[in-house]
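Close look at the chain arrangement
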Amino acid sequence: MKINENYLKLEESYLFSTIAHKVAAYQKANPQKKIIRMGIGDVTLPLCPAVVTAMRDAAAEMGRKESFHGYGPEQGYPFLKEAVQHYYFSRNIKLDEHEIFISDGAKSDVGNILDILSADNTVLIPNPVYPVYVDTNLMAGRKIVYMDANRENGFLPLPDDRVEADIIYLCSPNNPTGAVYSKEQLQKWVDYALSRNALILFDAAYEAFVKDSALPRSIYEIDGAKRCAIEFCSLSKTAGFTGTRCGYTIVPEALEFDGVKLNKLWLRRQTTKFNGVPYVIQRAAAAAFSEVGQKQIRENLQYYADNARIMTGAMKETGLWFTGGENSPYIWMQCPNGMGSWEFFDLLLNELNVVGTPGEGFGENGKGYFRLTAFGDRQDTAEAMNRLTDYLK
Ligand SMILES: *Cc1c(COP(=O)(O)O)cnc(C)c1O
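Definitions and cut-offs
- Residues numbered from 1 in each chain as written.
- Predicted model: local features only at pLDDT ≥ 70, side-chain atom pairs only at ≥ 80, totals over all residues.
- Heavy atoms only, no water.
- UniProt positions renumbered as here; feature names shortened; annotations may be inferred.
- Helix = DSSP H or I, 4+ residues; strand = E, 2+ residues; numbered from the N terminus.
- Buried < 20%, exposed > 50% of the residue type's maximum accessible area, 1.4 Å probe, protein only.
- Core = buried A, V, L, I, M, F, W, Y, C linked by side-chain atoms within 4.5 Å.
- Contact = heavy atoms within 4.5 Å.

As recorded by an unreviewed UniProt entry, the chain carries the name LL-diaminopimelate aminotransferase and is attributed to Fumia xinanensis. The annotation that UniProt attaches to the chain under Function (unreviewed entry) is "Involved in the synthesis of meso-diaminopimelate (m-DAP or DL-DAP), required for both lysine and peptidoglycan biosynthesis. Catalyzes the direct conversion of tetrahydrodipicolinate to LL-diaminopimelate." According to UniProt, the comment filed for the chain under the heading Pathway (unreviewed entry) is "Amino-acid biosynthesis; L-lysine biosynthesis via DAP pathway; LL-2,6-diaminopimelate from (S)-tetrahydrodipicolinate (aminotransferase route): step 1/1."

**Description of the UniProt feature "domain: Aminotransferase class I/classII large" (unreviewed entry) in the chain**
When the UniProt feature table is mapped onto this chain numbering, "domain: Aminotransferase class I/classII large" (unreviewed entry) sits at residues 34-388. This span, residues 34-388, is 37% helix and 17% strand, and a straight line between its end C-alpha atoms measures 15 Å.

**Quick look at the UniProt feature "binding site: substrate" (unreviewed entry) in the chain**
Under the feature "binding site: substrate" (unreviewed entry), the UniProt entry names Tyr14, Gly41, Lys107, Tyr130, Asn175, Asn275 and Arg371. Taken along the chain, the residues just named run across 358 residues; in space they spread out, the farthest C-alpha pair reaching 36.5 Å. Structurally, Tyr14 can be placed in the segment before helix H1 (15-29). Using a relative accessible area of 54% as the deciding quantity, one classes Tyr14 as exposed.

**Details of the nonpolar core**
Judged by nonpolar contacts, the single largest core of 65 residues is most densely connected at Ile168, Ile200 and Tyr248. Looking at which element gives the most residues to this core, the answer is helix H9 (residues 279-289), with six residues. Excluding its chain neighbours within four sequence positions, the residues that come into contact with Ile200 are Ile168, Leu170, Trp189, Val190, Ala193, Ile219, Cys228, Ala229 and Ile230. Judged by nonpolar contacts, the second largest core, of 31 residues, contains Ile36, Phe322, Met339 and Leu347.

Set out below in structure tokens:
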């Protein structure tokens, strides 16, 4: 028996444990201080009432013989796939029902999709990055090429014709940087992928945070994207499903490599290795797409957007360079006075009692940068920003 030695190549991530350790030590030494946490990548508002009602009703259905549900379709129930289909159609994107696959979240599918792609492919990954893209490819032993996201390109790298890649990861609005690609920029990526028969894996987990109607919320708003891109989305950040678990993956029929449709391979993979998302959760997710559900969700998203506006206002006051916050729950800021990101972390914690995430936890190019999130409490967010602007005056 031999283990998968690729796992030994993974770098241990000490980011969040180091943060937790430092915060706990500070709180222990200073029990009277109120620490404000702006490092979390999790939502804090509860599920909306329409979702909770649907979940409760579905649970009751499961408790009666005549409405009990056992195994469901691996790809998701038609009622939820239709809801997703309408959600896209309302943005002028036409999808066939069988192009939609219901999942237990975007993270699982972003990792699982690699099952149907050869380990010989070279992957192109932006740096800084959501660590899942890197680690899932290292586990499979794939060759990774990094593309620099930096202040010069607004943390939105564009294709470089000299770089050969078969699989390209794009996340917009981006975690950790909050930067959002324009349609023109995404068109460049689609053209690049089509010209070299490459596949784009597009993470749209934060699409619902886009307010500017000129910015794309789906890669399928771009001409040609159905021939080169898979899109991953999730109700986690949109509808507070981080602990409830439901997402969806779009694998277009037009996606064909070496005469083989990826949709067919993915269907085969899912029906073999996955038994679907629980009925109760799919009912809850469908309620999130209903008219009343959408209205309630929008209120929560507005709450986070208002937090983000307080944060961008404070950033402008400090004069520090930053990106994100306008169409995203993340603000990515340059640390003041040439500080390193851990140095700034310590300063924020010890002097201002505010916790954020050091940018270098997301890769080399995050050095000297810092991530703050808008998922916190309104008053705490305002208080943290006051402390920051006062300190940097
Ligand atoms: C939060 C997040 C997701 C969503 O993951 P789930 O598994 O659906 O909770 C996907 N991609 C990125 C970049 C994220 O930050």
